[in-house]
Amino acid sequence: MSTPSEIPWDDLRAAAVEATTRAYAPYSNFHVGAAGLVDDGRIITGCNVENVSYGLGLCAECGLVSALHATGGGRLVAVVTVSGSGAPVVPCGRCRQLLLEQGGPECLVDGDGTIRTVAELLPGGFDTDRLAEG
Ligand code: THU
């Protein structure tokens, strides 16, 4: 587990802002970029990709999770999400569940200027322990 002071937040924020420039958001015009630090040290990014069938749009964090696996896998240690203006974006509910799967409850998230863990953003999240209980 990393402490917040060990995370290169400025590098993550810069990567997330850059990712917003590749967002495809013609319907909301809300361009989102996400950047993640992986446990092997690499920084990966994702951007939102919308669809004319609005409900099919993909959040930036979805792209981030895809990039995680497409570039070698690993665990997310910290995530930053921003809008096109560089303002922080707090991950939506679905994306909190995605981050729980790929980073675990201790993954750090700077979504709105306050650093929180995924466990704080998604208390009682559905995880593999709960699947086993079934
Ligand atoms: N969006 C994200 O990419 N991540 C979030 O956590 C919140 C919302 C996107 C989805 C949609 O393309 C746009 O922001 C407006 O909701």
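Since this is a predicted model, take the numbers as computed values, not measurements. (Residues numbered from 1 in each chain as written. Predicted model: local features only at pLDDT ≥ 70, side-chain atom pairs only at ≥ 80, totals over all residues. Heavy atoms only, no water.)

1. Points about the state of the cysteines
Phase 1 of the analysis: All chains considered together, the criterion is met by 0 disulfides.
Phase 2 of the analysis: For the unlinked cysteine Cys59, the closest cysteine sulfur is that of Cys95, found at 3.8 Å.
Phase 3 of the analysis: Cysteine Cys62 is unpaired, with the sulfur of Cys95 as its nearest cysteine sulfur at 4.6 Å. (Disulfide = S-S within 2.5 Å.)

2. Observations regarding the pattern of salt bridges
Phase 1 of the analysis: Enumeration according to the criterion identifies 4 salt bridges in this entry.
Phase 2 of the analysis: Note that Asp110 is salt-bridged to Arg13, the shortest N-O span being 2.8 Å. Note that Asp110 is positioned in strand β4 (residues 108–110) and Arg13 in helix α1 (residues 9–20), a separation of 97 residues in sequence.
Phase 3 of the analysis: Judged by relative accessible area, Asp110 falls into the buried class, the value being 6%.
Phase 4 of the analysis: As a salt-bridge pair, Arg22 and Glu18 come within 2.9 Å of each other at their nearest N and O atoms.
Phase 5 of the analysis: Taken together, the shared-partner salt bridges connect Asp10, Arg13 and Asp110 into one network. (Salt bridge = Lys/Arg side-chain N within 4 Å of Asp/Glu carboxyl O. Helix = DSSP H or I, 4+ residues; strand = E, 2+ residues; numbered from the N terminus. Buried < 20%, exposed > 50% of the residue type's maximum accessible area, 1.4 Å probe, protein only.)

3. Quick notes on the packing of aromatic side chains
Phase 1 of the analysis: Using the criterion set out here, one finds 1 aromatic pair in the structure.
Phase 2 of the analysis: Note on Tyr27 and Tyr54: the rings are 5.5 Å apart at their centroids and 40° apart in plane angle, and the pair reads as tilted. A residue pair is termed long-range when its members are at least 10 positions apart, and Tyr27 in the loop between α1 and β1 (32–38) and Tyr54 in the loop between β2 (43–47) and α2 (60–70) qualify at 27 residues.
Phase 3 of the analysis: Given the relative accessible area of 38%, Tyr27 is considered partly exposed. (Phe/Tyr/Trp six-rings, centres within 6.5 Å; stacked < 30°, edge-to-face > 60°.)

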